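Structural overview for review
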Amino acid sequence: GQQLNQSPQSMFIQEGEDVSMNCTSSSIFNTWLWYKQDPGEGPVLLIALYKAGELTSNGRLTAQFGITRKDSFLNISASIPSDVGIYFCATNRDDKIIFGKGTRLHILP
Amino acid sequence: DAGVTQSPTHLIKTRGQHVTLRCSPISGHKSVSWYQQVLGQGPQFIFQYYEKEERGRGNFPDRFSARQFPNYSSELNVNALLLGDSALYLCASSLPNRLAGNYEQYFGPGTRLTVT
């Protein structure tokens with residue numbers, strides 16, 4: 001079936017560093033969504049992308065819809081402790097929302 | 001404004017039992033989706049309902065069923081519980097607009113189901 005491959009699986013960074021993660025698929029999609037999930041809570045929508053090549057920012061977060069429509073990137077600039085959590089990419093096809101397995105972000109003290 | 005609410009927050013059941021989980025969407029949202037999230041994985045799509053009709057169904061057995069009420073709230077029912085059904089069950093609401101390609105979903109905090 002359709003699968004979203006997120007990388008890296010986990011990352012350990014120092015506070016203040018920039019972060020980059022991506023999501024790829026062998027299929028073409030028309031939507032890319034990025035969510036963040038904190039422990040014990042539901043995912044929270046960060047950024048939604050609807051057009052190939054689209055670059056969208058939300059504060060320190062920037063996401064891009066890949067030109068091939070098979071991938072998307074999320075960047076976080078100047079990371080802070082509250083950025084810790086799991087970041088999921090997601091997309092939709094035939095009224096089904098598909099999630100990747102997530103990138104777990106750890107920030108070292 | 002109230003977000004998506006789910007009840008109960010936690011639930012413990014034994015194998016073979018039945019469970020009903022409840023969800024109230026954000027005011028004005030007409031679509032509700034259900035997801036199962038097991039530890040270490042992303043949410044897996046179970047159902048989507050819009051205007052009380054099933055719009056999408058994931059790869060889950062018939063033991064899983066759902067419905068949406070006139071006020072757009074929803075219930076997820078799981079029969080004959082198995083140990084493997086232990087997971088966080090998430091509900092999300094949205095204003096699906098196919099023409100605009102808007103499938104942004106807003107999640108509730110989830111119901112943690114433990115089957116023993």
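I will try to describe carefully the structure that is included in this document.

The rules we used
Residues numbered from 1 in each chain as written. Chains lettered and ligands numbered in written order. Predicted model: local features only at pLDDT ≥ 70, side-chain atom pairs only at ≥ 80, totals over all residues. Heavy atoms only, no water. Helix = DSSP H or I, 4+ residues; strand = E, 2+ residues; numbered from the N terminus. Rg over C-alpha atoms; globule rule 2.2 N^0.38 Å. Pairing = 2+ DSSP bridges. Axes fitted to C-alpha atoms, helices over the stretch in contact; angles between N-to-C directions. Buried < 20%, exposed > 50% of the residue type's maximum accessible area, 1.4 Å probe, protein only. Polar contact = N/O pair within 3.5 Å; in protein donor to acceptor, adjacent residues only side chain to side chain. Contact = heavy atoms within 4.5 Å. Phe/Tyr/Trp six-rings, centres within 6.5 Å; stacked < 30°, edge-to-face > 60°. Buried area = accessible area lost by both parts, 1.4 Å probe. Nonpolar A, V, L, I, M, F, W, Y, C, P; charged D, E, K, R; others polar.

Let us look at the overall build of chain A. When you go through chain A residue by residue, the secondary structure sums to zero helices and eleven strands. Starting at the N terminus and ending at the C terminus, chain A contains elements arranged as β-β-β-β-β-β-β-β-β-β-β. Against the compact-globule benchmark of 13 Å for 109 residues, chain A has a radius of gyration of 13 Å, which places it among compact chains. In terms of overall dimensions, chain A has a C-alpha envelope of 40 × 30 × 20 Å along the principal axes.

Turning to the sheet that holds strand β3 (residues 19-24) of chain B, a few remarks are in order. Residue and element names in this part refer to chain B. The strand order β1-β3-β8-β7 describes an open sheet built from four strands, whose pairing is antiparallel. Each of the sheet's edge strands pairs with one partner strand only, and the pair in question is β1 (5-7) and β7 (64-68). Here the strands of the sheet are splayed against their neighbours by 15 degrees on average, with no regard to which way each runs. In this sheet, β3 lies alongside β1 in antiparallel orientation, the contact comprising three bridges. Bridge assignment links Q6 to a residue of β3, and that residue is C23.

Before going further, it helps to spend a moment on unusual backbone geometry. In this structure, P8 of chain A follows S7 of chain A across a cis peptide bond, with omega equal to -5 degrees. With respect to the helices and strands, the residue P8 of chain A is situated in the loop between β1 (5-7) and β2 (10-14). A cis geometry characterises the amide bond from S7 of chain B onward to P8 of chain B, with omega recorded as -10 degrees. Its place among the elements puts P8 of chain B in the loop between β1 and β2 (10-13). You will see that A78 of chain A, though not glycine, has its phi angle at about 45 degrees, which is positive. The topology assignment puts A78 of chain A in the loop between β8 (71-76) and β9 (85-93). In this structure, A80 of chain B is a non-glycine residue whose phi angle is positive, near 45 degrees. Mapped onto the fold, A80 of chain B is located in the loop between β8 (74-78) and β9 (87-94).

Take Q37 of chain A: it is sitting in strand β4 (residues 32-37). A relative accessible area of 6% places Q37 of chain A in the buried class. Polar side-chain contacts of Q37 of chain A include one of 2.8 Å to the side chain of Q37 of chain B. When neighbours within four sequence positions are excluded, Q37 of chain A is seen to be in contact with G42, P43, G85, I86 and F88 of chain A together with Q37, L88 and L90 of chain B.

It is worth spelling out the environment of F29 of chain A at this point. The topology assignment puts F29 of chain A in the loop between β3 (19-24) and β4. In this structure the C-alpha to C-alpha distance between F29 of chain A and G42 of chain A, which are 13 residues apart in sequence, comes to 24 Å.

All names here are of chain B. Locating H18 in the fold gives a position in the loop between β2 and β3. Residue H18 is classed as partly exposed on the basis of its relative accessible area, which comes to 38%. As a C-alpha pair, H18 and N77 span 59 residues in sequence and 7.3 Å in three-dimensional space. Dropping the residues within four chain positions of it, H18 is found in contact with K13, N77, V78, N79 and L81.

So, about the packing of aromatic side chains. Counting across every chain of the model gives ten aromatic pairs over all chains. Both rings, one in F29 of chain A and one in W32 of chain A, keep their centres 5.8 Å apart while their planes meet at 85 degrees; by these two values the pair is edge-to-face. For F29 of chain A, a relative accessible area of 1% translates into the label buried. Linked through ring pairs, Y35, F88 and F99 of chain A together with Y35, F45 and F107 of chain B together constitute an aromatic cluster.

On to the interface of chain B and chain A. Listed by partner, the interface residues are 23 residues for chain B and 19 residues for chain A. The junction of chain B with chain A conceals about 1,700 Å² of combined surface from both sides, 54% of it contributed by carbon and sulfur atoms. In this structure, the connection of chain B to chain A is made through two residue pairs in polar contact (both at pLDDT 80 or more). Listing elements by their share of the side of chain B that touches chain A, those giving two or more residues are β4 (31-37), β5 (44-50), β6 (53-57), β9 and β10 (106-107) of chain B. Here the side of chain B that touches chain A gets three residues from one element, more than from any other, and that element is β6 of chain B. Of the residues that constitute the side of chain B that touches chain A, the class distribution is nine nonpolar, ten polar and four charged.

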